Amino acid sequence: MDSAAGESSAADDYESLMSTTDAELLKRAWRNEKAAPEILKFDADLVQRSRQQIQLMEEMVDEFGKNGVDPLTVSLYQMDLDRTMFLLRSYLRTRLQKIEKYVFHIQKTAEVWNRLSRQEQKFARRCAGDIKHHLEQSVLTKLPDQYQSHLRQSAASEDDDMVPEPQLDAYVVCRSKRYLGAFQLDDGSEEPVNIEADDLYALPYKSIKPLVESKQIDLV
């Protein structure tokens, strides 16, 4: 196969992948993850496809550079590559930061635990073990027996009151791409909110959580 045919084939593969709009889907997943107070369900299929796109784009940029393709064309593909890598890395990094912050809450809640990928679950177990060991070595073993739990303030506590939890009542900015009509908030208000397409709303995350999970509404 000559170089021109190879370039054409690589470009065709790239355009085929990009036509799936995974770049937009990744951007949406990244925005939702950054704006949501809790960790969302890991999008394994999207992450896998994004990694495949990154690998293909890296191969294309390298091949174009070797074959003397117009530098402007190469730079455009490099920009796409850099943008996709940034979004994917930031998406994964944001999730790891949430795991570190809420690891004990995530571990004790099966529904939340199942939102993590296998690699994230492995990271969470190691993170929880390290935090527990550090607390025991630096503080807890020096306290009376009834205060040595890393989950509860004392043996008299009925709940895990030392475990940080995401604030689901926090307000978030959101937008829907289509008209959703009247939506009743879960905050005790009597009047429903009329959700129009492309309008911005500041609403309690807990109220719109089902809409975020069903991808009917995006966080901004």
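Residues numbered from 1 in each chain as written. Predicted model: local features only at pLDDT ≥ 70, side-chain atom pairs only at ≥ 80, totals over all residues. Heavy atoms only, no water.

## Comments concerning the overall build of the chain
A tally of helices and strands in the chain yields seven helices and five strands. Ordered by position from N to C terminus, the α and β elements of the chain give α-α-α-α-α-α-β-β-β-β-α-β. Counting the 220 residues in the chain, one finds 39% classified as buried. Counting contacts in the chain only where the partners sit at least 6 residues apart, residues at least 24 apart contribute 62% of the total. When the accessible area of the chain is evaluated, it comes to approximately 13,200 Å², of which 51% is carbon and sulfur surface. (Helix = DSSP H or I, 4+ residues; strand = E, 2+ residues; numbered from the N terminus. Buried < 20%, exposed > 50% of the residue type's maximum accessible area, 1.4 Å probe, protein only. Contact = heavy atoms within 4.5 Å. Areas by Shrake-Rupley, 256 points an atom, 1.4 Å probe, with all protein chains shown as cover.)

## Section: the environment of Asn194
Positionally, Asn194 belongs in strand E3 (residues 193–195). When its relative accessible area of 36% is taken as the criterion, Asn194 is described as partly exposed. Considered as a pair, Asn194 and Gln184 are ten residues apart in the sequence and their alpha carbons are 8.8 Å apart. A polar contact of 3.4 Å, which involves the side chain of Asn194, links it to the backbone nitrogen of Ala182. Among the polar contacts listed, one links the side chain of Asn194 to the side chain of Glu196, at a separation of 3.0 Å. (Polar contact = N/O pair within 3.5 Å; in protein donor to acceptor, adjacent residues only side chain to side chain.)

## Side note on a nonpolar patch on the surface
A cluster of nonpolar residues, Leu72, Leu76 and Met79, forms a patch on the protein surface that exposes about 330 Å² of accessible area. Judged by its relative accessible area of 55%, Met79 is exposed. (Patch = residues over 30% accessible without salt bridge, like charges linked within 9 Å, V, L, I, M, F, W, Y side chains within 5 Å. Salt bridge = Lys/Arg side-chain N within 4 Å of Asp/Glu carboxyl O.)

## Some details on the packing of helix H2 (residues 22–35) against helix H3 (residues 44–66)
The N-to-C vectors of H2 and H3 enclose an angle of 125°; their axes lie 10 Å apart at closest approach. Classified by the angle their axes make, H2 and H3 are oblique. H3 is crossed by H2, and the crossing has left-handed handedness. On H3, the residues touching Asp22, Leu25, Leu26 and Ala29 of H2 are Leu46, Arg49, Ser50 and Gln53. (Axes fitted to C-alpha atoms, helices over the stretch in contact; angles between N-to-C directions. Parallel < 35°, antiparallel > 145°, perpendicular 65-115°, else oblique. Left-handed = near helix turned anticlockwise from the far one by under 90°.)

## Section: the confidence of the model for the chain
Detailed reading of the predicted coordinates is not advisable wherever pLDDT is low. Predicted confidence across the chain gives a mean pLDDT of 85, with 83% of residues reaching 70 or more. For the stretch residues 16–20, pLDDT sits under 50, and the model shows six contacts to residues farther than four places along the chain or on other chains. (pLDDT = per-residue confidence, 0-100.)

## Digging into the environment of Leu26
Mapping Leu26 onto the fold places it in helix H2. Leu26 sits 58 residues away from Thr84 along the chain, and the two C-alpha atoms are 8.1 Å apart. When near neighbours in sequence (up to four residues on either side) are disregarded, Leu26 contacts Leu46, Ser50, Thr84, Leu87 and Leu88.

## Concerning H3
Spanning 23 residues, H3 covers 33 Å between terminal C-alpha atoms, matching the ideal 33 Å at 1.5 Å per step. Of the residues flanking the end of H3, it is Gly68, one or two places downstream, whose phi is positive at about 70°. (Expected span 1.5 Å × (residues − 1).)

## Brief notes about the pattern of salt bridges
One pass over the structure, following the stated rule, counts 14 salt bridges. Glu33 serves as the salt-bridge partner of Lys98, at 3.0 Å between the closest nitrogen and oxygen. Taken as a pair, Lys98 in helix H4 (residues 71–108) and Glu33 in helix H2 lie far apart in primary sequence, 65 residues in all. Glu33 shares its class with Lys98; the two are buried. Here Glu111 ties to Arg115 by a salt bridge, and the two come within 2.7 Å at their closest N and O atoms. Residue Glu111 is classed as partly exposed on the basis of its relative accessible area, which comes to 48%.

## Points about the packing of H3 against H4
One can describe the packing of H3 onto H4 by two numbers: an axis separation of 9 Å at closest approach and a directional angle of 150°. If you check the angle between H3 and H4, you find them roughly antiparallel. Of the two elements, H3 crosses H4, and the hand of that crossing is left-handed. Side by side, H3 and H4 meet where Val47, Ser50, Arg51, Ile54, Met57, Glu58, Met60, Val61 and Phe64 of the first sit next to Val74, Tyr77, Gln78, Asp80, Leu81, Thr84, Met85, Leu88, Tyr91 and Leu92 of the second. Tallied by class, residues from the contact of H3 with H4 come to 13 nonpolar, three polar and three charged. (Nonpolar A, V, L, I, M, F, W, Y, C, P; charged D, E, K, R; others polar.)

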